[in-house]
Amino acid sequence: MAETLRRVLNLGSAAGPGKNTAEAEPPLLLLGGPGSGKTALLFAAALEAAGEGRGPVLFLTRRPLQSLPRRTGPALEPLRLQKIRFQYPPSTRELLRLLCSAHEARGPAPSLLLLDGLEEYLVEDPGSQEAAYLAALLLDTAVHFSHRVGPGRGCGLIVALQTQEEGGASGNALQLALLQRYFPAQCWLQPDAAGPGQCCLRASLEPGGLGPREEWWVTFQPDGEMTITRWPTQLVDTSLHKGSSSGGQP
Amino acid sequence: MAAPTGPLTLPAVVEELLSEMAAAVRDGAPLLPRLKFVFGSSAVQALDLVDRQSVTLISSPSGRRVYQVLGSSGRTYTCLASCHYCSCPAFAFSVLRKGDSLLCKHLLAVYLSQVTRTCQQLSVSDKQLTDILSAEKTQEA
């Protein structure tokens, strides 16, 4: 589901609109520390997909958003908002129940499935098989929605996971490696140099073997406004880009 | 029955092998030597499961599908049709935790039964399919 996110990230730049393909794409894991803008980006992806004239967007999160993220790229039109269906499974058990029974729901199948705060559903039940089953069921649900949406369109899947600070427990590393098996595409949000009152992050999108890595600056103003600038591609591959991104360079 | 597509949960080499298997079945070539080479002893056990018609594809009117495999112990394991998951302890341990196996024998049996078209078919209601998927979680030993 890298394409929806790529379109969101490209909105603020002159790079032009992304391809409007909605072919089956690998599910995407959105990774970042606390307060790294994962929810804002997920919400922007929801608005983007809601404006495509396709099915509704299903947004799963443990609790209602405290506030609607402010100006998150795609226009916050009432019509778009209406197409986003929020559901708040309060526990891992309820989330599993929702996913297991997703095929019983009537009405148009979602074109995008989003889950915010996967880590909150993993703390209750930290076994690797439970984590794998949750990830696999998320994929299975999206595949089922794709089947209902019809050929050539499909239902995307983006899941946000809060990562620990460096040197976290090894159990988390194991869990992350396990999730990465199910989510070949990943987008990392990492803190970068910030101005006064701002929060600045670097978003690195690894589309899972479907193309090169791309990077953007994501800046949050004190009032919550999000601005996105594309990281010039040529800088990524030169020595100007020092240290902070280890590995993954050609 | 198409092999699972989409999410890249299986290494490319296995995907390739499975499509080779499909060709081998059409040509009547022996499967076992190549299977054993990649999957070791699970290959024999998986073929045994296929021979005993232990793999059932369960589908509901919604179009959602799931596989169930009757293990040699008499226990039934659930394998998702869309991605790489089996509820058996070997999958949890050898595939997920240790990462020293690509597949458990049940998943391999699912793929082989797709290739050889020897899957049992079962239709259930949407509600029953929900119960099958929900019950899976409690199966772990």
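Residues numbered from 1 in each chain as written. Chains lettered and ligands numbered in written order. Predicted model: local features only at pLDDT ≥ 70, side-chain atom pairs only at ≥ 80, totals over all residues.

*Asks:* Sorry if this is basic, but what is going on with the overall build of chain B here?
*Replies:* Scanning chain B from N- to C-terminus turns up 6 helices and 4 strands. Walking chain B from its N terminus toward its C terminus, one meets helices and strands in the order α-α-α-β-β-β-α-α-β-α. Classification of the 141 residues of chain B by burial places 41% in the buried group. Here the contacts in chain B between residues at least 6 apart in sequence split such that 60% fall between residues at least 24 apart. (Helix = DSSP H or I, 4+ residues; strand = E, 2+ residues; numbered from the N terminus. Buried ≥ 20, exposed ≤ 12 C-beta atoms within 10 Å, placed from the backbone. Contact = placed C-beta atoms within 7 Å.)

*Asks:* Teacher, can you tell me more about the overall build of chain A here?
*Replies:* For chain A, the helix and strand inventory stands at 8 helices and 9 strands. Counting over 250 residues, chain A shows a buried share of 42%. Sequence-distant contacts in chain A: of pairs separated by 6 or more residues, those separated by 24 or more amount to 73%.

*Asks:* Looking at this structure, I do not really get the interface of chain A and chain B. What am I missing?
*Replies:* Where the parts come together, the accessible area they lose is often given as the size of the interface. At the interface, 26 residues of chain A touch 24 residues of chain B. Considering only residue class, the side of chain A that touches chain B consists of 13 nonpolar, 8 polar and 5 charged. (Nonpolar A, V, L, I, M, F, W, Y, C, P; charged D, E, K, R; others polar.)

*Asks:* It is not clear to me how the UniProt feature "domain: SWIM-type" (unreviewed entry) in chain B should be interpreted in this structure. Could you clarify?
*Replies:* The feature "domain: SWIM-type" (unreviewed entry), as annotated in UniProt, sits at residues 77–115 of chain B in this numbering. Along residues 77–115 of chain B one finds 51% helix and 10% strand; the C-alpha atoms at either end are 20 Å apart. (UniProt positions renumbered as here; feature names shortened; annotations may be inferred.)

*Asks:* Would you mind showing me how to read helix H2 (residues 38–50) of chain A here?
*Replies:* Since one α-helical turn is 3.6 residues long, residues separated by three or four positions face the same way. Between its terminal C-alpha atoms H2(A) stretches 18 Å, which fits the 18 Å expected from 13 residues at 1.5 Å a residue. Among the 13 residues of H2(A), 13 are classified as buried, and the element is accordingly described as predominantly covered. (Expected span 1.5 Å × (residues − 1).)

*Asks:* What am I meant to see in the sheet that holds strand S7 (residues 199–206) of chain A here?
*Replies:* Hydrogen bonding along the main chain pairs the strands of a sheet, whether they run parallel or antiparallel. All names here are of chain A. One open sheet accounts for 9 strands, arranged S3-S2-S4-S5-S1-S6-S7-S8-S9; its pairing is mixed. Here the strands that pair on one side only, and so sit at the sheet edges, are strand S3 (84–87) and strand S9 (226–230). Adjacent strand axes in the sheet meet at a mean angle of 20° when their direction is disregarded. (Pairing = 2+ DSSP bridges. Axes fitted to C-alpha atoms, helices over the stretch in contact; angles between N-to-C directions.)

*Asks:* How do you make sense of the environment of A:Gln186 when you look at a structure like this?
*Replies:* Residue and element names in this part refer to chain A. Within the secondary structure, Gln186 is located in strand S6 (residues 185–191). Classification of Gln186 by C-beta neighbours within 10 Å gives buried; the count is 22. C-alpha of Gln186 to C-alpha of Leu29: the two residues are 157 residues apart in sequence and 4.7 Å apart in space. The residues contacting Gln186, other than those within four sequence positions of it, are Leu28, Leu29, Leu31, Gln180 and Glu206.

*Asks:* Mind showing me how you'd approach the nonpolar core here?
*Replies:* The nonpolar side chains of a soluble globular protein tend to be buried, and buried together. Among the nonpolar cores identified, the biggest contains 103 residues, and A:Leu30, A:Ala45, A:Ala46, A:Leu114, A:Ala136, A:Leu138 and A:Val159 are the most heavily contacted of them. The element best represented in this core is helix H6 (residues 128–149) of chain A, accounting for 12 residues. (Core = buried A, V, L, I, M, F, W, Y, C linked by C-beta atoms within 7 Å.)

*Asks:* Sorry, what's going on with the sheet that holds strand S1 (residues 55–59) of chain B here?
*Replies:* Residue and element names in this part refer to chain B. Strand order in the open sheet made by the 4 strands is S3-S2-S1-S4, with mixed pairing throughout. Every other strand in the sheet has two partners, leaving strand S3 (76–80) and strand S4 (120–123) as the edge strands with one partner each. Averaged over all pairs of adjacent strands, the angle between strand axes in this sheet comes to 30°, irrespective of strand direction. As defined by bridge partners, S1 adjoins strand S2 (residues 65–70) across 5 bridges and the pair is classed as antiparallel. Looking at the pairing, Ile58 lines up with Val66 of S2. Packed on one face of the sheet, helix H6 (residues 126–135) meets S1, S2 and S3 and runs near 55° to S2.

*Asks:* How should I be thinking about the confidence of the model for chain B in this particular structure?
*Replies:* Residue and element names in this part refer to chain B. Across chain B, the average pLDDT comes to 83, with 87% of residues at or above 70. Here residues 1–8 scores under 50 on pLDDT; set against residues more than four positions off or in separate chains, the count is 21 contacts. Two summary scores accompany this predicted model of the complex, namely pTM at 0.84 and ipTM at 0.84. (pLDDT = per-residue confidence, 0-100.)

*Asks:* I would appreciate a short explanation of unusual backbone geometry in the present structure.
*Replies:* A negative phi angle characterises most non-glycine residues, just as the trans form characterises most peptide bonds. Residues and elements named next belong to chain B. Even without being a glycine, Gln53 presents a positive backbone phi close to 55°. Looking at Gln53, the number of C-beta atoms within 10 Å reads 12, which means it is exposed. In the Ramachandran plot, Arg117 falls in the positive-phi region, its phi being about 55° despite a non-glycine side chain. We classify Arg117 as exposed; it has 9 C-beta atoms within 10 Å.

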